[in-house]
Amino acid sequence: AELEAIIPASGEVTSWDEDPADSPGPQLLTDPYAWINGGAVPFVDNGFEAVASETYVHSGNGWKLSLDVVKMATLAGAEAAFKATEWDQGTPP
């Protein structure tokens, strides 16, 4: 039921809005320590370039969802960084 609320089967996402406590629009960060201070080293060591970050709030129950799109120098560097942080939850296509 929670996943259905996050991504409805209809494909129409109407219950999520930008978090009003966050800056409007996505933030572009090029300093990895400003993005993820305690976990930046694996990204720095593997070619971190930038991240676009945005936080959304679900109007029905107050859930927060943060979306981070990370630009790394290479796919291999991205895979190494995500493995080092134990964020590797799948296999890239």
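Further up the page is the structure itself.
Reference entry: report on the structure contained in this document. (Residues numbered from 1 in each chain as written. Predicted model: local features only at pLDDT ≥ 70, side-chain atom pairs only at ≥ 80, totals over all residues. Heavy atoms only, no water.)

### A look at the side chain of Glu 54
Position of Glu 54 relative to the elements: it lies in strand E3 (residues 48-58). The side chain of Glu 54 sits in the buried core without any salt bridge; Lys 64 is the nearest counter-charge, 10 Å away. Residues in contact with Glu 54, not counting those within four places in the same chain, are Glu 18, Asp 22, Ser 23, Pro 24, Gly 25, Pro 26, Leu 65, Ser 66, Leu 67 and Asp 68. (Helix = DSSP H or I, 4+ residues; strand = E, 2+ residues; numbered from the N terminus. Buried < 20%, exposed > 50% of the residue type's maximum accessible area, 1.4 Å probe, protein only. Lys, Arg positive; Asp, Glu negative; His and termini not counted. Salt bridge = Lys/Arg side-chain N within 4 Å of Asp/Glu carboxyl O. Contact = heavy atoms within 4.5 Å.)

### Details of the environment of Thr 30
Relative to the assigned elements, Thr 30 resides in the loop between strand E2 (27-29) and helix H2 (32-35). On the accessibility criterion, Thr 30 (58% relative accessible area) is exposed. Between the alpha carbons of Thr 30 and Val 70 there is a distance of 10.0 Å; along the sequence they are 40 residues apart. The residues contacting Thr 30, other than those within four sequence positions of it, are Phe 48, Glu 49 and Ala 50.

### Describing the nonpolar core
One finds Leu 29, Trp 35, Ile 36, Ala 40, Phe 43, Phe 48, Val 51, Met 72, Ala 78 and Ala 81 forming the largest nonpolar core, which totals ten residues. Sorting the residues of this core by element identifies E3 and helix H4 (75-84) as the ones contributing at least two each. With near-sequence residues (within four places) excluded, Phe 48 lies in contact with Leu 29, Thr 30, Asp 31, Pro 32, Trp 35, Phe 43, Val 70, Lys 71 and Met 72. (Core = buried A, V, L, I, M, F, W, Y, C linked by side-chain atoms within 4.5 Å.)

### What to know about a nonpolar patch on the surface
Residues Tyr 33, Val 41 and Val 44 make up a contiguous nonpolar surface patch of roughly 250 Å² in combined accessible area. Of note, Val 44 is situated in helix H3 (residues 41-45). Accessibility expressed as a relative area gives 38% for Val 44, which makes it partly exposed. (Patch = residues over 30% accessible without salt bridge, like charges linked within 9 Å, V, L, I, M, F, W, Y side chains within 5 Å. Areas by Shrake-Rupley, 256 points an atom, 1.4 Å probe, with all protein chains shown as cover.)

Function-wise, these values are silent; they only describe arrangement.
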